[in-house]
Amino acid sequence: MKKNSNLSGRTDVLLLAVESSCDETSVAVLRGNKLLSLVTGTQIPIHRRFGGVVPEVASRNHTLAINAVAEEALSKAGVGFADLEAVAVTYGAGLAGALLVGVSYAKALAFALQIPLYGVNHIRGHIAANYLAYPDLQPPYVCLVVSGGHTAIVEIDSYLTHRLIGSTVDDAVGEAFDKVARCLNLPYPGGPEIDRLAQKGSPTIAFPRMCKDEKDGVRFSYSGIKTFAINYLHNLEQKGESVAIEDFCASFTCAAIDVPVEKTVWAAKTRGLSKIAVAGGVSANSYLRNKLQQEGKKAGLSVYIPPMTYCTDNAAMIGMEAQILIREGVSPSPLSLNAQPALRFENGEKA
Ligand code: KG4
Ligand code: ZN
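Residues numbered from 1 in each chain as written. Chains lettered and ligands numbered in written order. Predicted model: local features only at pLDDT ≥ 70, side-chain atom pairs only at ≥ 80, totals over all residues. Heavy atoms only, no water.

Draft legend 1. Focus on the domain arrangement of the protein. Partitioning the protein into structural domains gives domain 1 (14–126 + 311–327) and domain 2 (139–308). Spacing between the C-alpha centres of domain 1 and domain 2 amounts to 27 Å. Tallying the contact residues gives 16 residues for domain 1 and 19 residues for domain 2. Buried surface at the junction of domain 1 and domain 2, summed over both partners, amounts to about 1500 Å²; 61% is from carbon and sulfur atoms. Three residues stand out in domain 1 for area buried against domain 2, namely Ile123, Arg124 and Cys311, and they jointly supply 42% of the buried area on that side. The tally of links between domain 1 and domain 2 comes to 0 salt bridges. For the pair domain 1 and domain 2, the number of links is 7 residue pairs in polar contact (both at pLDDT 80 or more). For the side of domain 1 that touches domain 2, the secondary structure elements donating two or more residues are helix H1 (44–48), helix H4 (122–133) and helix H10 (315–327). (Domains from an automatic or database assignment. Contact = heavy atoms within 4.5 Å. Buried area = accessible area lost by both parts, 1.4 Å probe. Salt bridge = Lys/Arg side-chain N within 4 Å of Asp/Glu carboxyl O. Polar contact = N/O pair within 3.5 Å; in protein donor to acceptor, adjacent residues only side chain to side chain. Helix = DSSP H or I, 4+ residues; strand = E, 2+ residues; numbered from the N terminus.)

Take a look at the structure:
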């Protein structure tokens, strides 16, 4: 690491960030917390015909796309490889082969340009999307993390200390959206499709609301909602009736979203915190965005919701988290950095 290897404490580092943990090949260029460019090559059309992400196909397509995506991001930012002072990359959690493409690319850049490498935790990146959108947001606050792999409420004590308050005991909420969408024969990815249909319907079907009471503590469960959905559709099919799909989607969405929103507000109030935020792909859900805003406001809390482009997987959030690591004086990663498909995102004890 020859060029400016000590970046510690700086807030104006020119950095290139890479995200390839699932089906988006994304590269961003940031100077400090200012986003200069973000280019994302999506693989959604490729995986759609399989009904979900095929890991091997994902890594192959990341390999094909990454160079062009990075060059486009640099060109849009008006800088060249030689100007870069650091490189950041998602190293977990995610699909092993997909992560490896980004990690190998970032390591090669760091080595060739002799600049520091910062391995970034994907979920911490999602949380950092809030700092990109709201530079004035400061810990402590409570963050609801809702993605394809996570459903959790986290207390953000400081920029570096994230304490898990509670999480799902089975499926993640995004996973439930995707699985229920498959039962409805909706195209992949199912979450946005359910969202689109739910906006035209009413929540007329009484889906169960799992772990909804305070006595249940801060935990979530989605297997019951999913089973209810499957049985409901199966019963209609046996009777030869068709489903009122808009109402079904609206009912499922309320059942899936109401509990995490209520518990996020409750977690902030019981801890005497005045701010709540949301992170992860499911934060793109229109019902969730409205409900969190409404319930937070009712409880007198400030509510932070990232704009849509920062909600689903993107390299801008990874770059922002790396800028935080640099600013807070965290050491760069070694060039032996490896992909960690099952990386956890929290530190501290479970509440
Ligand atoms: O954070 P993300 O892009 O990838 C992971 O890190 O998992 O989240 C992807 C998840 C998928 O399950 C997708 O269906 C869901 O986010 N999602 C949505 C919406 N947009 C994306 N779920 C509900 N409503 C949406 N509008
Ligand atoms: Zn994600």
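Draft legend 2. Broad picture of the pattern of salt bridges. Going through the model one piece at a time under the given rule, you end up with 15 salt bridges. Note that Glu85 is salt-bridged to Arg10, the shortest N-O span being 2.9 Å. Here Glu85 is found in the loop between helix H2 (55–77) and strand S4 (86–92), whereas its partner Arg10 is found in the segment before strand S1 (14–19), with 75 residues between them in sequence. Overall, the relative accessible area of 9% leaves Glu85 in the buried class. Of the charged contacts in the structure, one is a salt bridge between Glu295 and Lys298, with a shortest N-O distance of 3.2 Å. Within this pair, Glu295 and its partner Lys298 are both found in helix H9 (residues 286–298), separated by 3 residues, close to a single helical turn. Taking the relative accessible area as the measure of exposure, Glu295 reaches 17% and is therefore buried. Several salt bridges share partner residues, and in doing so they unite Arg209, Asp258, Lys291, Glu295 and Lys298 into one network. (Buried < 20%, exposed > 50% of the residue type's maximum accessible area, 1.4 Å probe, protein only.)

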